[in-house]
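Results of the structural survey
Next come the chains, spelled out residue by residue.
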Amino acid sequence: MNNTHLDLAAVDTYLSTHLPGYRGPLEATKFEVGQSNPTFLLQTPEKAYVLRRKPPGTLLKSAHAVDREFRVQTALADSAVPVPRMYLLCQDDSVIGSDFYVMERLEGRVFLEPTMSGENKETRSAVLDEMNRVLAALHMVDIEAAGLSDYGPPGNYFDRQIARWIKQYRASETSEIPEMNALIGALEHSVPEDDGQRTLVHGDYRIDNLMFEKQGTRCIGVLDWELSTIGHPYADLAAVIMQWRMPPGTEGRGLAGIDRESLGLPSDQAFINLYCQRRGLSGIDNFGFYLAFNFFRMAGILQGVYKRAQDGNASDPERALVLGSYVPMFAQHGLAALKA
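Residues numbered from 1 in each chain as written. Predicted model: local features only at pLDDT ≥ 70, side-chain atom pairs only at ≥ 80, totals over all residues. Heavy atoms only, no water.

1. A few points about the overall build of the protein
Let me state the cut-off plainly: In this description a helix means any DSSP run of H or I spanning at least four residues, a strand means any run of E spanning at least two, and both kinds are numbered starting from the N terminus. Based on C-alpha atoms, the radius of gyration is set beside the globule rule, defined as 2.2 Å times the residue count to the power 0.38. The rule is simple: take the accessible area with a 1.4 Å probe, protein chains only, and divide by the maximum for that residue type; under 20% is buried, over 50% is exposed, in between is partly exposed. In what follows, a contact means two residues having at least one pair of non-hydrogen atoms within 4.5 Å. Accessible surface is estimated by sampling points in the Shrake-Rupley manner with a 1.4 Å probe; for residues, cover comes only from the protein chains shown. Counting rule for charge: Lys and Arg are taken as positive, Asp and Glu as negative, and neither His nor the chain ends is counted. The atoms used to mark charge sites are NZ of Lys, CZ of Arg, CG of Asp and CD of Glu.
Scanning the protein for helices and strands turns up twelve helices and nine strands. For 340 residues, the compact-globule estimate of 2.2 N^0.38 gives 20 Å, and the protein sits close to it at 20 Å. Expressed as lengths along the three principal axes of its C-alpha atoms, the size of the protein is roughly 60 × 45 × 40 Å. A burial count over the protein gives 49% of its 340 residues as buried. Sequence-distant contacts, at least 24 apart, represent 69% of the contacts inside the protein between residues at least 6 apart. Looking at the protein as shown, the accessible area adds up to about 16,100 Å², and 49% of this sits on carbon and sulfur atoms. Charge separation in the protein, taken as the distance between the mean sites of 33 positive and 43 negative side-chain charges, equals 1 Å.

Below, the structure is given as structure tokens:
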């Protein structure tokens, strides 16, 4: 960690005035992994906090909306979805140059991939059961009571998302990829009728965005709400399954080819069935569509990464070029999911 891109004196002055109980002096270290919104550990002699800010500089209008992250986590306080406690939101750019919020520092452990290397079968099974419980709880939040009914636009979530990601993909297209063209056409003609489900969705629900207690398997925090909105719950569920279809290891972070039973890990269908049981659903028709949608969205994200590398704007150009090469593979997986 390092303390780049944060004016410590300005933060210290602001918190001294606006955060009850805060007393400096202040030290800060920047977390190196994970988020597009820079995140810092703030340490005082008495207490630690976490600060999350928009990146400095010119940004896309709807990107890096830390105010939305603050809002949704505030709304989920004391719910069945564990989140850090939110302390304050600052939208005065004169303080550090962009919006930021300060929240509770959680102390626990994060599993970077679902194989959970070094853990025993019982722990792995319990962690994924808890991951399933929290996902179902997230989708059962009463958005009206939580004050989140306007947190996303009305209408068919998948129609809206597919149109958005087609636009994003075309804007970053560097060459014609037949598999992506085929997947786009197939998805546009396969959107299920709206079944009326309109829930809070996380948008990036995977095991490394959850924090668990240090010595147990209880989830103490769902993290990184940047892509959250009101939408369709099956997008989150299918995102979990999509991740598991990837190769294992630090690159794919998936479960492809893994003997899951020997590790205490559920099959895709067992995880889906347990989720349905928790939500009182009889099952999910046409799950291949929701899976294909997630492969398409990820392909669009990777194409954007590749385009930034081509334009000389990627923070890690070599890795960006490698990730971009996976676009046809994700498109192929999407087409296969539609046919399954």
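2. Structural notes on the packing of helix α5 (residues 157-172) against helix α10 (residues 287-310)
To be explicit about the condition: Lines are fitted to the C-alpha atoms to define the axes, a helix being fitted only along its stretch in contact, and any angle between axes, read from their N-to-C directions, falls within 0 to 180 degrees. Roughly parallel refers to an angle under 35 degrees, roughly antiparallel to one over 145, roughly perpendicular to one between 65 and 115, and oblique to any angle outside these ranges. Two helices cross in a left-handed way if the nearer one is turned anticlockwise from the farther one by less than a right angle. They cross in a right-handed way if the turn is clockwise. Charged residues are taken to be Asp, Glu, Lys and Arg, nonpolar residues to be Ala, Val, Leu, Ile, Met, Phe, Trp, Tyr, Cys and Pro, and polar residues to be all remaining types, Gly included.
For the pair α5 and α10, interaxial distance at closest approach is 9 Å and the crossing angle is 25°. Looking at the two axes, α5 sits roughly parallel to α10. Of the two possible hands of crossing, α5 and α10 adopt the one that is left-handed. Residues F158, Q161, I162, W165, I166, Y169, A171 and S172 of α5 lie in contact with α10, whose contacting residues are F289, Y290, F293, F296, R297, G300, I301, Q303, G304 and K307. Taken together, the residues of the contact of α5 with α10 sort by class into eleven nonpolar, five polar and two charged.

3. Some remarks on the nonpolar core
What counts, and what does not: Joining through side-chain atoms within 4.5 Å is the link that ties buried Ala, Val, Leu, Ile, Met, Phe, Trp, Tyr and Cys residues into a set, and such a set is a nonpolar core.
Core analysis: the biggest nonpolar cluster contains 74 residues, and V81, L200 and W225 have the highest contact counts within it. Take this core: its biggest share by element is twelve residues, from α10. In contact with L200, other than residues within four places in its own chain, are V72, L76, L138, H139, I143, L148, Y151, W225, T229 and I230. Counting residues in each nonpolar core, the second largest holds 19 residues, with L6, L26, F40 and F100 among its members.

4. Notes on unusual backbone geometry
For the bond from G24 to P25, the omega torsion is 5°, close enough to zero to count as cis. With respect to the helices, strands and loops of the structure, P25 is situated in the loop between α1 (8-18) and β1 (27-30). Phi is positive for N286, close to 60°, though the residue is something other than glycine. With respect to the element layout, N286 can be found in the loop between α9 (268-279) and α10.

5. Considerations on a negative patch on the surface
Our working definition: What makes a patch is a set of residues exposed beyond 30% relative accessible area and free of salt bridges, joined within 9 Å when like-charged and within 5 Å when nonpolar (Val, Leu, Ile, Met, Phe, Trp, Tyr). Within this document, salt bridges are pairs made up of a side-chain nitrogen of Lys or Arg and a carboxyl oxygen of Asp or Glu, the two lying within 4 Å of each other.
Side chains of D159, E193, D194 and D195 sit close together on the surface and give a patch of like negative charge. In this structure, D194 sits in the loop between α6 (178-188) and β6 (199-201).

6. Examining α6
Cut-off, in case you're wondering: By definition, the arc is the one covered by directions from the helix axis to the C-beta atoms.
Looking only at α6, the buried set comprises M180, L183, I184 and L187. Projection of α6 onto a plane perpendicular to its axis shows the buried side chains occupying an angular sector of 100°, all on one side.

7. Focus: the environment of S94
Under the convention used in this document: Contacts described as polar in this section are N or O atom pairs within 3.5 Å, which, within protein, must combine one atom able to donate a hydrogen with one able to accept it, while residues neighboring in sequence count only if both atoms come from side chains.
Along the polypeptide, S94 turns up in helix α3 (residues 93-96). With a relative accessible area of 62%, S94 lands in the exposed category. For the pair S94 and P192, spaced 98 residues apart in the sequence, the C-alpha separation amounts to 47 Å. In terms of polar contacts, S94 uses its side chain to reach the side chain of D92, at 2.6 Å.

8. Observations regarding the pairing of β1
Counted only if it meets this: Here the rule is simple: two strands pair whenever DSSP picks up at least two bridges between them.
Alternating positions in β1 separate cleanly, A28 and K30 being buried on one face and E27 and T29 remaining unburied on the opposite face. Across four bridges, β1 lies against strand β2 (residues 39-43) in antiparallel orientation. Looking across to β2, one finds that T29 is bridged to L41.

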